[in-house]
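Architecture and fold: a report
This is what each chain is made of:
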Amino acid sequence: MPESETPLLDELEKGPWPSFVKEIKKAAAKKPAARDLLRQLEASYREKLGLWKHGGIVGVRSYGGGVIGRYSQRPEEYPGVRDFHTLRVNHPSGWFYTSKALRTICDIWDKRGSGLTNMHGSTGDIILLGTTTDQLQPTFNDLSDNGFDLGGSGSALRTPSCCCGMARCEWACFDTMAMCYDLTMDFQDELHRPPWPYKFKFKFSGCPNDCVAAIARSDLSFIGTWRDDIQIDAAAVKEYADKGKVDIQSEVIDMCPTACMSYDADAKKISIDNANCTRCMHCINVMPKALAPGKDRGATILIGGKAPILEGAMMSSVIIPFYKPKAPYDDLKELIRKIQDWWDENARFRERIGEFIKRVGLRVFLKEMGLQPVPQMIKEPRANPYVFWWPEEVPRGGNGKKEV
């Protein structure tokens, strides 16, 4: 392709970082759709306008999600992207692939679509970028025949995702991959057939480092934690002190957010007030040879995280401080369906579960779910001096007056 066709995009190939423009140009050498994608994108940069139309009733048989319709606003000028639909393909838990699986996906996409992929999108899915309407069903058929399924889109359960958990991480406090796979298989209807006011996401992180950003990005997040004491290897602490590569006082003790740690420099010994530890993982991250999560491990369950759409960005709130995951997770699935049914019946259009709880109040949510309030649910101090009770919680005498 002559560089003169895309002078603005050519600038993005300069510098030390990999460029998406360079990769699209490789595809454009054999795919007209990729060439017209570059030409339309150049026009968007030049005119400072988005030139896509989204939506349309496109999809595959019996599925209501997984395909994102996209059309060019200038089909006569850029016929290669007249329709340029995206498919979301459900990724394996932890994003583990065999080379054969990756080649299979790429072969299908070279045959059926633009050849452009996003591994992975912010959803976690395999993103196959750009195919025509008549190729949607054949693409899905080929994927399905090779063991792949579509992910979630629209007002549905989005594709659950997790960190690699116990497969590669020594800090994992529960089997993220097993839980992610189990819930993915159990919630197939909610994943493929959008039934709700808006989207709903599960994400699973094996420890408080939260490598999949579940607390900030998912409606229901599962974060690995422990409820006993941090494990301390005294000999390893002494080794850190002797080598001097870590200033234990300034880089660990002084940076503890709750000041629950102390260090005896003479004895080269760390002490932790575990009752005041918030499991931030900082000390463990800095001194991984000397410190480790406790042995009584499980997960904290939180609700309400989301990116800024209606109410702005929201971080999740704790609803269950400690949960001991055990397959087949029947108690957890019962709670999840109860949450989703209540939200579905009462929320406004495009209102995420976190926004809904913020509107009606956490106390209403806890009552509807049958959950008892606990201190870990508090995100910030009270803003008013009032305390409320449900009417049935106020004892009354035979004359109808409150008992003192």
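Residues numbered from 1 in each chain as written. Predicted model: local features only at pLDDT ≥ 70, side-chain atom pairs only at ≥ 80, totals over all residues. Heavy atoms only, no water.

Re a nonpolar patch on the surface
Applicable threshold: Note on patches: the residues involved have over 30% relative accessible area and no salt bridge, like charges join within 9 Å, and the nonpolar side chains Val, Leu, Ile, Met, Phe, Trp and Tyr join within 5 Å. In short, Shrake-Rupley with a 1.4 Å probe defines the accessible areas, and a residue's cover is counted only from the protein chains shown. Salt bridges are counted wherever a side-chain nitrogen of Lys or Arg sits within 4 Å of a carboxyl oxygen of Asp or Glu. Counting from the N terminus, the helices are DSSP H or I runs at least four residues long and the strands are E runs at least two residues long. Each residue's exposure class comes from its accessible area (1.4 Å probe, protein chains only) as a fraction of the maximum for that residue type: buried when under 20%, exposed when over 50%, partly exposed otherwise.
The grouping of L8, L12, F20 and Y45 at the surface amounts to a nonpolar patch, some 330 Å² of accessible area in total. Along the chain, Y45 turns up in helix α3 (residues 32-47). Its relative accessible area of 35% is what places Y45 among the partly exposed residues.

What to know about the sheet that holds strand β6 (residues 126-131)
Quick reminder of the rule: Between any two strands, pairing holds if DSSP finds at least two bridges. Whether two residues are in contact is decided by their heavy atoms: any pair within 4.5 Å suffices. Each axis is a line fitted through C-alpha atoms, and for a helix only the stretch in contact is used; angles between axes span 0 to 180 degrees, taken between their N-to-C directions.
Strand order across the open sheet formed by 4 strands is β2-β4-β6-β5, with antiparallel pairing between neighbours. Both outer strands of the open sheet, β2 (67-68) and β5 (116-119), are each paired with one neighbouring strand and no more. Pairing of strand β4 (residues 85-89) with β6, which is carried by 5 bridges, proceeds in the antiparallel orientation. Bridged to L87 within β6 is L128. Packing against the sheet, helix α4 (residues 99-112) makes contact with β4, β5 and β6, and its axis sits at approximately 15 degrees to β6.

A look at the nonpolar core
How we decide: Among buried residues, the Ala, Val, Leu, Ile, Met, Phe, Trp, Tyr and Cys ones that are joined through side-chain atoms within 4.5 Å form a nonpolar core.
By size, the foremost hydrophobic cluster in this structure holds 37 residues, and its most contacted members are F202, L220, F222 and F365. When residues of this core are assigned to their parent elements, the largest contribution, 6 residues, is made by helix α12 (residues 330-346). When residues no more than four places from it in sequence are discounted, the contact partners of F222 are F174, M179, F202, K203, F204, S205, T300, I301, L332 and I336. Membership of the second largest hydrophobic core comes to 26 residues, among which are A236, V252, I270 and L291.

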